[in-house]
Amino acid sequence: MGLDTLLVAVGEGDVERTDAIADAVIDVAAPAGATVVIAHVIDEETYRRALEEAGEETTTFLERRFKDRLPDQPGFEGDVPRWVERRSLADEDVRPEPVATVLDRKALIQEMVEAFEDAGVEYEIRGDVGDPAERIVAMADELDVDFVAVGGRNQSATRQRLFGSVSQEILRSVNRPVISIREGVGE
């Protein structure tokens, strides 16, 4: 099995570890000349709340642009939607939480992009709205990637049983080899 495409799943738990995850992915993808797919999924509730916070001006703009019907996921095929940036407030302390979540995701993706560009690694960005684990697994299948990389966090056994994690769900569900990048890697 060769390595042509590696999908790296990123989410809000990865904000503090972006460099370590990017470095680990580069260590695997660069020698193989593989393309990296940066995959992110925002849950529906956060997305809807961010759209509501974006205000009537944004909704009207989207309705004009998409005359037939407002899409479920405007702007999510690729980068975080630009309408969120227009709504973001200058003072980070007063940003509504869903807007802050989307902007944090944009910053995380931009850091990854910069790392991949500096390393000469080809990449593409894929985004979606829905259940993060389900959508990441579906993206891996749709794109027929060779490997999936996920960030892993140290959790107690009780916390894992009670809450699980997106990374664990991906590990259990994806039909591809998975690279788990644990906390502390690259530090």
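Computed from a prediction, not measured in an experiment: that's the story for all the values here. (Residues numbered from 1 in each chain as written. Predicted model: local features only at pLDDT ≥ 70, side-chain atom pairs only at ≥ 80, totals over all residues. Heavy atoms only, no water.)

*Asks:* Explanation requested: the pairing of strand β1 (residues 5–10) in the structure shown.
*Replies:* The two faces of a sheet get side chains in turn, since along a regular strand they alternate between them. Counting buried positions along β1 yields six of six residues, so the element is predominantly enclosed. The two faces of β1 match: T5, L7 and A9 on one face and L6, V8 and V10 on the other face are all buried. Two strands pair when backbone bridges link them, and β1 and strand β2 (residues 35–42) are joined in this way by six bridges, in the parallel orientation. Each residue of the ladder has a partner; that of A9, found in β2, is A39. Crossover handedness for the path β1 to helix α1 (residues 18–32) to β2: right-handed. (Buried < 20%, exposed > 50% of the residue type's maximum accessible area, 1.4 Å probe, protein only. Helix = DSSP H or I, 4+ residues; strand = E, 2+ residues; numbered from the N terminus. Pairing = 2+ DSSP bridges. Right-handed = clockwise from strand over helix to strand, strands pointing away.)

*Asks:* What's the story with helix α7 (residues 166–173) in this structure? I'm lost.
*Replies:* At 3.6 residues per turn, the α-helix brings residues three or four places apart onto the same side. When we look at burial in α7, the residues that qualify are S167, Q168 and I170. Seen end-on, α7 carries its buried residues on one side only, within an arc spanning 160 degrees. (Arc of directions from axis to C-beta.)

*Asks:* How should the side chain of S167 be read in this particular structure?
*Replies:* With respect to the helices and strands, the residue S167 is situated in helix α7. Of note is the side chain of S167, whose polar atom sits 2.4 Å from the backbone oxygen of G151. (Polar contact = N/O pair within 3.5 Å; in protein donor to acceptor, adjacent residues only side chain to side chain.)

*Asks:* Can you help me understand the nonpolar core in this one?
*Replies:* Soluble globular proteins tend to pack their nonpolar side chains together in the buried interior. One finds V8, V25, V36, I38, M112 and F116 to be the most contacted residues of the largest nonpolar core, which totals 22 residues. With residues near it in sequence (within four places) discarded, F116 still touches A22, V25, I26, V36, I38, V121 and Y123. Within the second largest apolar cluster, 15 residues are counted, among which are V37, A39, V145 and V150. (Core = buried A, V, L, I, M, F, W, Y, C linked by side-chain atoms within 4.5 Å. Contact = heavy atoms within 4.5 Å.)

*Asks:* So what exactly am I meant to see when it comes to the environment of A115 here?
*Replies:* Tracing the backbone shows A115 in helix α4 (residues 97–119). Judged by its relative accessible area of 19%, A115 is buried. Each C-alpha atom of the pair A115 and D19 lies 7.7 Å from the other, and the pair is 96 residues apart in sequence. Residue contacts for A115: discarding those within four places in its chain leaves A22 and I26.

*Asks:* It is not clear to me how the pattern of salt bridges should be interpreted in this structure. Could you clarify?
*Replies:* Pairs may arise between side chains of opposite charge once their charged atoms sit close together. The final tally for this structure, using the stated rule, is eight salt bridges. Of the charged contacts in the structure, one is a salt bridge between R17 and D14, with a shortest N-O distance of 3.0 Å. Residue R17 shares its accessibility class with D14, and that shared class is buried. R135 serves as the salt-bridge partner of D128, at 2.4 Å between the closest nitrogen and oxygen. By relative accessible area, which is 8% here, D128 ends up buried. A relative accessible area of 23% means that R135 is categorised as partly exposed. Taken together, the shared-partner salt bridges connect D128, R135 and E142 into one network. (Salt bridge = Lys/Arg side-chain N within 4 Å of Asp/Glu carboxyl O.)

Coordinates in, geometry out; function isn't part of it.
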